[in-house]
Amino acid sequence: MTQATPPAVYEPRAGRAIGRIFVSREFSVFAALAVLIIVTEVVNPRFLSAQGIKDLLLNSTIFVIMAVGQALVIITKNVDLSVGSILGLTAYGTGAVFATFPHIPLPFVFLIGIVFGAILGAINGFIVTLAGVPALVITLGTLYIFRGINNAWAGSNQYFVGNEPAEFGNMSVQTLFGIPWFALGALVIVIIFAIYMFSARSGRDLYAIGSDTDAARLFGIKVNARVVGAFVACGALTGLAGVLYASRFNSVGADTGTGFELQIVAAVVVGGVAIFGGSGTVTGAAIGAVLLTTMTGALAALNVSKFWQQAIVGVLIIAAILLDRILSIRTARKLRVSEARNV
Amino acid sequence: MKLFQEGGSATRRRVIIGAAVATAAIMALAGCATTGGSSSGGSSSKFSIAFVPKQLNNPYTDVELGGGKKAAAALSGVTYSVVGPNTASASSQVSYINTLTQKKINVIAIAANDPNAVCSALNQAKTGGAKIITFDSDTAKSCRSLFINQVNTADVASVELKQLGEQINYEGDFAILSATANATNQNAWIADMKADLKSDPKYSKMNLVTTVYGNDDDTTSFQVAQGLLSTYPNLKGIISPTTVGIAATARYLSTSSYKGKVILTGLGLPNQMRQYVKDGTVKEFALWDPAKIGQAAVYAAKALVAGTITGKTGDTFKAGSLGTLKVGADNTVIVGGPTEFDAANIDNYNF
Amino acid sequence: MSETTLPVKARSNVSRLFFGRNANTVYALVLIVILASIFVPYFAGTATVSFLLIDAIPILLMAMPMALIIITGEIDLSVASTAGLSAAVMGVLFHDAHWNIVWVFVACIVVGLLCGAFNGILISTIGLPSLAVTIGTLALFRGLALVVIGDNAVADFPVDLTTWATSTIGGTGIPTFMIIVAVVVVIFGIILHFTPFGRALYALGFSKEAASFVGIRVNRSKFWLYVASGGISAFAGIFWVLRYSSAQSDSVQGLELSVVAAVLLGGVSIFGGSGGIVGVVAGVLIIRTVNYSLQLAGLPDTVLTIVTGTLLVLSVIAPSVTARIRRSAERKRSRTLIHDATAA
């Protein structure tokens, strides 16, 4: 179709308009991130030193990967609150793997972590779809259960830096042109999932399910399979994050990852994924995660009292959902106007 | 907007009895697992002691409790148990203290997460006939008979400042990375360090720029350490008087460009710190043997129950391999002095 | 058709009293208490009553408005943070500003009401999703508590008050404070079950559109529910401070999950539109009884965590699964009936 042919139906227009919100929504998060970094750098030039950049990227990596997984789930109108506990289990599991098989090749460690996470995600997914109950409650329950299992398994045992092969710990600090490998890996993951969500049939299905589950079902979409798939993907990505956590933080125990769930959900919401599904992108969620982690570092570098940090995060979440609301009202109005014109 | 859309058709919800039965099963198991806690009517050498640490699942706590367990096993007729929260919260400690009161445990040994919040529960236990010992982190004085302290507060402060001072030539900015903002022991050490900095001319050129809190959480401590280094470019050193904090900071330093340039010292467990001492991130740090605290608590409990001491200043009691311990000012028993660890001696210690 | 599928009105009050979902929750509570008394040593006794109930008070208070909010199909995750902020304000006004304790209480409640109104405006007036809003205010209010009190802990509250907060009524072991809680529970029970406003809340939970058609002011009802939630949470914060004689930035942290769990366990549907106060009270007591008896049995926190999670999952799955089983049984029965009929 060329530019000369005027759109006969308004569907493409609507599509373009929605595309525009996505652009503006992600752009707004990105702009906020840019402003934050520039202001901090002007006040404290050490913020963007080589070491500073490395720290920023490494800190974000784990949250970015988890945020991508969470975004998939939230887009289907569900939520996974158990991610902090899944991270804890897989991170501790990684330590346990090294303790049992000290010479295991590293790719296997990653594989084990991902599969372990995927299984935990599948448990969530199956309970949610089979029982037909809200994911909020189920994953709140599994948050407790997985954490309890982690506590029982780990006890007071912790795996430290010395228990793991040096090359595993070094992975988190090795860089390519000053950029940590982990951060590059996270970037690749974001790109893959962004393309998948944008172009793959099953990716689009997730949006359809989130917008209107019953309609999606009538339309012939395998709703339950897709939702379980989203939970599995979220679990697998969180499992991967758990392995990376073990490499980066190098000390894993019974309470690793406690309380991560709210930060991740917050990152996803700030990144423009609607909490009731159907809209938003993994790219937005990823930028949201970078923004939230950078915020912590930036506030410290700006010498803002540590007491204000949490309040500012709260304000940011509320501002993000307010912004979403305003944008969606504006788009709705535009759509109405354009539809009226077309009639 | 409706929060959730219901999945299936509308027949809903009745049987919660299933949940109740499951619970009942668990409880039946629990009942079987329970061992009788008290032996209130026995002879004076028999007694029960329950430890309530700040939190379970903490390696330092484990070493401490290990000492208590060993001492309890060495004395015959001592029933030893440990209860406590998974996270360091005072309100959860209170629930556990209440259960101990009800079980009529003879001695409660507690490391308080908040000096005041646990007090009323401890007083209730006291009314029920229990003796109260605090260890590690004290409560308000009126709520306990004895406080088993690792070392003199002043000794910790001076050894920390000395170790840092030696390495930065008694000159420049430094920061403290502590545990939680309300931790009694941490705050006492920090207050003493501040007093030393003011009074001792040796430290006149050392400047404490800030105190930050890692909440004894590994990730938080790690990121707080990062924040310190990016905020204070002239930072020469960090003192972290908590085992979690110093390990997290060491890990960050060892993988960053600040390794060897920023001096780190504090209180750490040799097993956690060994690698960093060997790779040059940390030159020296200090601690005492935590097992001795648990051991001292059990022997103090025995003396209290037997009535040979009341916990007043000047009382003495025998504490096995620790020899005779004396109750000092503020009803406090000092177990020993700090040990300093460095590359030369660290391999002699395993805890 | 089984009786549960009949419209509520068709069932007599008596049968509802004994066979309704509220009644089942109460039976479950009684069963658990009996089992605990048999199996857990030291459980039977007034000490249990006192320790168990005093721990239940803050959850019970916050569960009241939470039940109403969930019945309308919304949620409030900021309750514990609101209580924490109120605790922090209480500490600072009393210790640093030397206010009279009565005015401190008033100020704390006002702070709570304002927190609730803030939630209410965002959710009802602007129409934002309550889950996202209250996750935001969970962080915001806790953050403000930190800003207000920093790393201080205030502990010098009047001894008369703190002793009173932990006192019991005579030898019964029932905490004195429970009288106030009982009044709150009764008020919420009356509002929910015996006023047009309460019935409107159920209607709201079923369908917002339908509710507004029959003349319910949807936004206004929701707004006031959040205000009430803020006020009650602040009150729970005051109790917390008096009970532990300590106000600090992390007071009441993390209690929101227990409150939600208790309300759901008490038979309030997360989908909105059903549930009752009696059930919620029983739900809170079930959680506390199970927790306390496990603690008394000397089991570690680990087991408690797993049991709490399992209870929560079971309490939502069980009704859904039994409904499914019953449906398939119905279908089979009607099929055999038809078969018999055609055979005859």
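Conventions used here
Residues numbered from 1 in each chain as written. Chains lettered and ligands numbered in written order. Predicted model: local features only at pLDDT ≥ 70, side-chain atom pairs only at ≥ 80, totals over all residues. Heavy atoms only, no water. Helix = DSSP H or I, 4+ residues; strand = E, 2+ residues; numbered from the N terminus. Buried < 20%, exposed > 50% of the residue type's maximum accessible area, 1.4 Å probe, protein only. Contact = heavy atoms within 4.5 Å. Areas by Shrake-Rupley, 256 points an atom, 1.4 Å probe, with all protein chains shown as cover. Core = buried A, V, L, I, M, F, W, Y, C linked by side-chain atoms within 4.5 Å. Domains from an automatic or database assignment. Disulfide = S-S within 2.5 Å. Salt bridge = Lys/Arg side-chain N within 4 Å of Asp/Glu carboxyl O. Polar contact = N/O pair within 3.5 Å; in protein donor to acceptor, adjacent residues only side chain to side chain. Nonpolar A, V, L, I, M, F, W, Y, C, P; charged D, E, K, R; others polar. Expected span 1.5 Å × (residues − 1). pLDDT = per-residue confidence, 0-100. Phe/Tyr/Trp six-rings, centres within 6.5 Å; stacked < 30°, edge-to-face > 60°. Bend = angle between axes of the 7 residues up to and from the residue. Patch = residues over 30% accessible without salt bridge, like charges linked within 9 Å, V, L, I, M, F, W, Y side chains within 5 Å. Axes fitted to C-alpha atoms, helices over the stretch in contact; angles between N-to-C directions. Left-handed = near helix turned anticlockwise from the far one by under 90°. Pairing = 2+ DSSP bridges.

### Observations regarding the overall build of chain B
Per the secondary structure count, chain B includes ten helices and 14 strands. Buried positions account for 58% of the 351 residues belonging to chain B. The long-range fraction of contacts in chain B, counting pairs at least 24 apart against all pairs at least 6 apart in sequence, stands at 69%. A total accessible area of about 12,500 Å² is found for chain B, and carbon and sulfur atoms account for 51% of it.

### Section: the nonpolar core
Among the nonpolar cores identified, the biggest contains 322 residues, and B:I148 and B:F317 are the most heavily contacted of them. The element that contributes the greatest number of residues to this core is helix α3 (residues 46–71) of chain C, accounting for 18 residues. Two domains share this core, each providing at least three of its residues, namely domain 1 (47–150 + 290–336) and domain 2 (153–287) of chain B. Those residues in contact with B:F317, other than ones at most four positions away along the chain, are B:A296, B:Y299, B:A300, B:A303, B:I309, B:G323, B:T324, B:L325, B:V327 and B:V333.

### Remarks on the state of the cysteines
Summed over the entire model, instances satisfying the criterion amount to one disulfide over all chains. Disulfide partner of B:C119: B:C143, at an S-S distance of 1.8 Å. Disulfide B:C119-B:C143: torsion about the S-S bond near 95 degrees, hence right-handed. With B:C119 in helix α4 (residues 119–127) and B:C143 in the loop between β4 (131–135) and β5 (146–149), the pair connects residues that are 24 residues apart, well separated along the chain. For the pair shown, B:C119 and B:C143 are each scored as buried. For C:C108, which is in no disulfide, the shortest distance to another cysteine sulfur is to C:C115 and amounts to 11 Å.

### Quick word on the interface of chain A and chain C
If you look at the interface, chain A gives 33 residues, while chain C gives 41 residues. At the surface where chain A touches chain C, the tally comes to zero salt bridges. Connecting chain A to chain C are one residue pair in polar contact (both at pLDDT 80 or more). For the side of chain A that touches chain C, the secondary-structure elements that each account for two or more residues are α4 (106–131), α5 (135–154), α11 (260–270) and α13 (306–342) of chain A. Top contributing element to the side of chain A that touches chain C by residue count: α5(A), with twelve residues. By residue class, the composition of the side of chain A that touches chain C is 25 nonpolar, seven polar and one charged.

### Some thoughts on helix α5 (residues 153–168) of chain B
Residues and elements named next belong to chain B. For α5, with 16 residues, the first-to-last C-alpha span of 23 Å sits near the 22 Å given by 1.5 Å per residue. Along α5, the residues that are buried comprise V156, A157, V159, E160, L161, Q163, L164, G165, Q167 and I168. Just downstream of α5, N169 is the residue with a positive phi angle, here 55 degrees.

### Re the confidence of the model for chain B
Residue and element names in this part refer to chain B. Per-residue confidence for chain B gives a mean pLDDT of 82, with 87% of residues at or over 70. Counted against residues more than four places away or in other chains, residues 1–16, with its pLDDT under 50, gives 57 contacts. Taken together, the stretch residues 31–43 has pLDDT below 50 and engages in 16 contacts with residues farther than four places along the chain or on a different chain. Both scores are available for the predicted complex, with the pTM at 0.82 and the ipTM at 0.80.

### Comments concerning the pattern of salt bridges
Taken as a whole and judged by the stated rule, the model has twelve salt bridges over all chains. With its nearest N and O atoms 3.2 Å apart, the salt bridge here joins B:R274 to B:D347. Taken together, the positions of B:R274 in helix α9 (residues 270–278) and B:D347 in the segment after β14 (339–342) put the pair 73 residues apart, joining distant regions of the chain. For B:D315, the salt bridge is made with B:K312, and the minimal N-O distance between the two is 3.2 Å. You can call B:D315 buried: its relative accessible area is 9%. Through salt bridges that share partners, A:R201, A:D205 and A:R226 make up one connected network.

### Points about the packing of aromatic side chains
Residue and element names in this part refer to chain A. What the rule picks out here adds up to 19 aromatic pairs over all chains. Geometrically, the ring pair formed by F193 and Y196 is edge-to-face, given 6.5 Å between the ring centres and 80 degrees between the ring planes. You can see F193 and its partner Y196 sitting in helix α7 (residues 181–199), three residues apart, about one turn around the helix. The class for Y196 is partly exposed, based on a relative accessible area of 31%.

### Digging into the side chain of C:S245
With respect to the helices and strands, the residue C:S245 is situated in the loop between α11 (218–244) and α12 (255–265). Ignoring any residue separated from it by four or fewer positions in sequence, one finds C:S245 in contact with B:N116, C:V154, C:A155, C:F157 and C:T162.

### Regarding helix α12 (residues 282–301) of chain A
All names here are of chain A. For α12, spanning 20 residues, the distance from its first C-alpha to its last is 28 Å, which sits close to the expected 28 Å at 1.5 Å a residue. Within α12, the axis deviates most sharply at M295, by approximately 25 degrees. The buried count for α12 comes to 16 of 20 residues, which makes it a mostly enclosed element. Taken from the residues just after α12, N303 is the one with a positive phi, measuring 65 degrees.

### Let's talk about a nonpolar patch on the surface
Residue and element names in this part refer to chain C. A cluster of nonpolar side chains, V49, W164, I169, I174, I179, I180, V183 and I187, forms an exposed patch at the surface whose accessible area comes to about 600 Å². By residue number, the principal contributor to the nonpolar patch is helix α8 (residues 178–194), which donates four residues. With respect to the element layout, V49 can be found in helix α3. Its relative accessible area of 30% is what places V49 among the partly exposed residues.

### Comments concerning the domain arrangement of chain B
Residues and elements named next belong to chain B. Taken domain by domain, chain B consists of domain 1 (47–150 + 290–336) and domain 2 (153–287). Once you take the C-alpha centre of each, domain 1 and domain 2 turn out to be 29 Å apart. Tallying the contact residues gives ten residues for domain 1 and ten residues for domain 2. Summed over the shared surface of domain 1 and domain 2, the number is zero salt bridges. Counting across the interface, domain 1 meets domain 2 through zero residue pairs in polar contact (both at pLDDT 80 or more).

### Points about the packing of helix α2 (residues 50–75) of chain A against α12(A)
Residues and elements named next belong to chain A. At their nearest, the axes of α2 and α12 sit 8 Å apart, and the two run at 145 degrees to each other. At the point where α2 passes α12, the crossing takes the right-handed sense. Along the contact surface, α2 presents L56, N59, S60, F63, V64, A67, V68, A71 and L72, while α12 presents V282, A285, A286, A289, V290, T293 and T294. Class assignment for the residues of the contact of α2 with α12 results in twelve nonpolar, four polar and no charged.

### Details of the environment of C:V154
All names here are of chain C. Along the chain, the position of V154 falls in the loop between α6 (130–149) and α7 (159–166). A residue is classified by how much of its surface remains accessible, and V154, at 3% relative accessible area, is buried. Measuring from C-alpha to C-alpha, the distance between V154 and T46 comes to 31 Å, with 108 residues separating the pair along the chain. If near-sequence neighbours (up to four positions away) are discounted, V154 is found in contact with G91, H95, I149, S245, S246 and A247.

### Quick notes on the sheet that holds strand β3 (residues 107–110) of chain B
Residues and elements named next belong to chain B. In spatial order, the strands read β2-β1-β3-β4-β5-β13; together these six strands make up an open sheet with parallel pairing. A strand with exactly one partner marks an edge of an open sheet, and here the two such strands are β2 (78–82) and β13 (332–334). Averaged over all pairs of adjacent strands, the angle between strand axes in this sheet comes to 20 degrees, irrespective of strand direction. On the sheet, helix α2 (residues 59–74) packs against β1 (47–52), β2 and β4 and is oriented at approximately 160 degrees with respect to β2.

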